[in-house]
Amino acid sequence: MAIYNAFCDRVPAIVILGNELDATARRSFVEWTHAAQDAAVIIRDFTKWDDAPGSLQHFAESFVRAYKIAMTPPMGPVALVANGKLQEEPIEESNLRIPKLTTTTPPQGDSGAIAETAKQLVNAENPVIVAGRLARTPNGIKLLVELAETLQARSTTSAIA
């Protein structure tokens, strides 16, 4: 439920799931009952991305990618599945490298399209703003209210996400 709530509230989160995919490596009844072929399937509908890295180098690359995806608007949870070997075995690789994080510029509208939309809104006789999960920040909501007041437009919220 916490992952679903993070998805609904657009909260970035990196969830690490433990799993033992190799049946010959499962030690106890508990490991058998908590292991799955696809551990992330139960949360896949409300995560932005998931991966099951097979090595420590792959895990390092996946973790950096997970952070980048979780933090890119619209933000949300991502999941990494850590197999038992990654969790418990000694580190044998001596040349592990953590990739450099490059941030993504949040998406924005084309300036020409925004100018055309503004012109149409100003010229509209009965403007209506239908807003669902429109704004990514509290300031976005403030600006939306300011726009509606300036245009004297009716506004409504929608269940469409």
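Above this text is the structure in question.
A few points on the structure. The structure displayed is predicted, hence computed values, not measured ones.

**Considering the environment of glutamate 20**
Structurally, glutamate 20 is set in the loop between strand 1 (13–19) and helix 2 (29–34). Between the alpha carbons of glutamate 20 and glutamine 57 there is a distance of 19 Å; along the sequence they are 37 residues apart. Setting aside its immediate chain neighbours within four residues, glutamate 20 contacts Ala25, Arg26, Ala35, Asn83, Gly84 and Lys85.

**What about the packing of aromatic side chains?**
Aromatic ring pairs are defined here through the distance separating the ring centres and the angle between the ring planes. Applying the stated criterion across every chain, the model contains four aromatic pairs. Where tyrosine 4 meets phenylalanine 7, the ring centres are 6.3 Å apart and the plane angle is 35°; that geometry is what we call tilted. Here the residue tyrosine 4 and the residue phenylalanine 7 both occupy positions in helix 1 (residues 2–8), the gap between them amounting to three residues, near one helical turn. Taking the centre distance of 6.1 Å and the plane angle of 35° together, the rings of phenylalanine 59 and phenylalanine 63 count as tilted. Of the two residues, phenylalanine 59 and phenylalanine 63 are both situated in helix 3 (residues 56–71); the distance of four residues between them amounts to about one turn of the helix. Using a relative accessible area of 33% as the deciding quantity, one classes phenylalanine 63 as partly exposed.

**What about unusual backbone geometry?**
Cis peptide bonds are those with omega within 30 degrees of zero, and the linkage from proline 73 to proline 74 qualifies with -5°. Assignment of secondary structure puts proline 74 in the loop between helix 3 and strand 3 (77–83). A positive phi angle, close to 55°, is found at glutamine 152, a residue other than glycine. Positionally, glutamine 152 belongs in the loop between helix 6 (138–151) and strand 5 (154–157).

Reading the values: rules and limits
Residue positions are given per chain, counted from 1 along the sequence in the order it is written. Given that the model is predicted, a residue must reach a pLDDT of at least 70 before its local features are reported, and side-chain atom pairs must reach 80 or more before they are shown or counted; all residues, however, enter totals for whole chains, interfaces and linings. Side-chain metrics in this entry use all non-hydrogen atoms of the structure; hydrogen atoms and water are not considered. The way it works is that DSSP assigns letters per residue, a run of H or I at least four long becomes a helix, a run of E at least two long becomes a strand, and they are numbered from the N terminus. A contact between two residues is defined here by any heavy atoms of the two lying within 4.5 Å. Only the six-membered ring of Trp is used, alongside the rings of Phe and Tyr, when aromatic pairs are assigned; centres must lie within 6.5 Å, and planes under 30 degrees apart are stacked while those over 60 apart are edge-to-face, with the rest tilted. Here the term buried applies to any residue with accessible area under 20% of the maximum for its type, exposed to any over 50%, and partly exposed to those in between, with areas from a 1.4 Å probe on protein chains only.

Limitation: the analysis is restricted to geometry and does not speak to function.
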